Amino acid sequence: MAADLDDQIAAIRAFNRFYTRAVGLLGRYLGAGWSLTEARILYELFSRDGLSASDLCDELGLDAGYLSRILRRFEADGLLGRQPAPQDGRRSLLSLTPAGRAAFAPFDRASRDEIGAMLARLASGDRARLVAAMGSVRDLLAGEGPGVVIRRHRPGDIGAIVAGQARIYTRDYGWNDEFEALVAEIGAAFLKDNDPARERAFIADRAGEVVGSVFCVDGGEGIAKLRMLYVDPSERGTGLGRRLVRDCIAFAREAGYAGMTLWTNDCLAAARGIYIDEGFVLAAEEKHHSFGVDLIGQNWTLDFGRD
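All values derive from a computational prediction rather than experimental measurement.

Conventions used here
Residues numbered from 1 in each chain as written. Predicted model: local features only at pLDDT ≥ 70, side-chain atom pairs only at ≥ 80, totals over all residues. Heavy atoms only, no water. Helix = DSSP H or I, 4+ residues; strand = E, 2+ residues; numbered from the N terminus. Polar contact = N/O pair within 3.5 Å; in protein donor to acceptor, adjacent residues only side chain to side chain. Contact = heavy atoms within 4.5 Å. Axes fitted to C-alpha atoms, helices over the stretch in contact; angles between N-to-C directions. Parallel < 35°, antiparallel > 145°, perpendicular 65-115°, else oblique. Nonpolar A, V, L, I, M, F, W, Y, C, P; charged D, E, K, R; others polar. Expected span 1.5 Å × (residues − 1). Bend = angle between axes of the 7 residues up to and from the residue. Buried < 20%, exposed > 50% of the residue type's maximum accessible area, 1.4 Å probe, protein only. Phe/Tyr/Trp six-rings, centres within 6.5 Å; stacked < 30°, edge-to-face > 60°. Lys NZ or Arg CZ within 6 Å of the ring centre and 35° of its normal.

(A) Highlighting the side chain of serine 52. Mapping serine 52 onto the fold places it in the loop between α3 (36-47) and α4 (53-60). At 2.9 Å, the side chain of serine 52 forms a polar contact with the side chain of serine 54. Setting aside chain neighbours within four positions, we find serine 52 in contact with Arg91, Ser92 and Leu94.

Okay, here's the thing in structure tokens:
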């Protein structure tokens, strides 16, 4: 875990250096005699009206004394003015003077032009991916990650599920390519032959990224089969697996099935806990060698007429 954290820290620091060079921030603002912090303050004042010193402290994470010294310098340079707030004369609102706006405008324009040129080199789809990725970074670091929605499958989802499951089960359990082949076969069979009235793939979508799935398929003789449950590690502990299983069960009930079965392996403890909580009963288990390892396979059943 410590090694993983060290690698992640190094990756983020490397990205920070790369991005700062890519948008030319350091050279541009230092050439104007401003630090990056001073430039951030000027940008907020240039872009928005009605800000107070306390607003800037809160939003930029600045020490009040440090900010006060910067603002006094801006005032001395003729860049900044203050006026009493209309509703509270004890509170001052900050604004750039005409000279301050004129001084910062070329840097704002240059930044827009430079980022526009960077985006122009990308295809429209890549631009959308870049902006979405930046939004994810912002949301995650702010503790406001985008919500997960569970939806019907769309083109490309099955490939994402195969890749996601193969990575997880290879890394966490040491399973080999046989498992990826099995998942690919199940996904392909579903795409070729599924009956939308009685079969459905439930896709967990987080801002366009597939982060989990479960399938309800016809198991024959009036019994549904739950297949392909998985949750991306980034969503573990959020209750997503339980949401997926409950949606799958609810669909099977509405479709008229008498019950549901599933096959799993005893090493998948988190999934097994969900099945037990939702009323599944262990019907049989058997040792087997699959995916390059020794396993204990388990069959679980849920009777809709009794639970």
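(B) Broad picture of the packing of α3 against helix α5 (residues 64-76). Direction vectors running N to C along α3 and α5 enclose 70°, while the axes themselves pass 11 Å from each other. With respect to α5, the axis of α3 lies roughly perpendicular. Across the interface between the two elements, Thr37, Glu38, Ile41 and Leu42 from α3 touch Tyr66, Leu67, Ile70, Leu71, Arg73 and Phe74 from α5. By residue class, the composition of the contact of α3 with α5 is seven nonpolar, one polar and two charged.

(C) Representation of unusual backbone geometry in the model. For glutamate 221, which is not a glycine, the phi torsion comes out positive at approximately 55°. At phenylalanine 291, a position not held by glycine, the phi torsion is positive, near 60°. Position of phenylalanine 291 relative to the elements: it lies in the loop between β8 (281-290) and β9 (293-303).

(D) Molecular detail of helix α6 (residues 98-120). The first and last C-alpha atoms of α6 sit 32 Å apart over 23 residues, in line with the 33 Å expected at 1.5 Å per residue. Along its length, α6 shows its largest kink, about 35°, at phenylalanine 104, and proline proline 106 lies within four residues downstream of that point.

(E) Inspection of the environment of tyrosine 257 at higher detail. Among the structural elements, tyrosine 257 can be located in the loop between α10 (240-254) and β7 (259-265). Owing to a relative accessible area of 4%, tyrosine 257 belongs among the buried residues under this scheme. In contact with tyrosine 257, other than residues within four places in its own chain, are Arg198, Glu199, Cys216, Val217, Asp218, Gly222, Ile223, Ala224, Ala252 and Phe304. There is a polar contact of 2.8 Å between the side chain of tyrosine 257 and the backbone oxygen of arginine 198.

(F) Examining the packing of aromatic side chains more closely. Evaluation of the coordinates by the stated rule reveals eleven aromatic pairs. Between tryptophan 175 and phenylalanine 291, the ring centres sit 4.9 Å apart and the planes meet at 35°, which makes this aromatic pair tilted. Residue tryptophan 175 is found in the loop between α8 (157-173) and α9 (177-193), and its partner phenylalanine 291 is found in the loop between β8 and β9; the two are separated by 116 residues along the sequence. Both rings, one in phenylalanine 190 and one in phenylalanine 215, keep their centres 5.0 Å apart while their planes meet at 80°; by these two values the pair is edge-to-face. Taken together, the positions of phenylalanine 190 in helix α9 and phenylalanine 215 in strand β5 (residues 209-218) put the pair 25 residues apart, joining distant regions of the chain. Per residue, the accessibility class of phenylalanine 190 equals that of phenylalanine 215, and both read buried. Aromatic ring contacts, followed pair by pair, group Tyr169, Tyr173, Trp175, Phe179 and Phe291 into a single cluster. Looking at arginine 101, its charged tip hangs above the ring of phenylalanine 46, at a distance of 4.4 Å from the centre.

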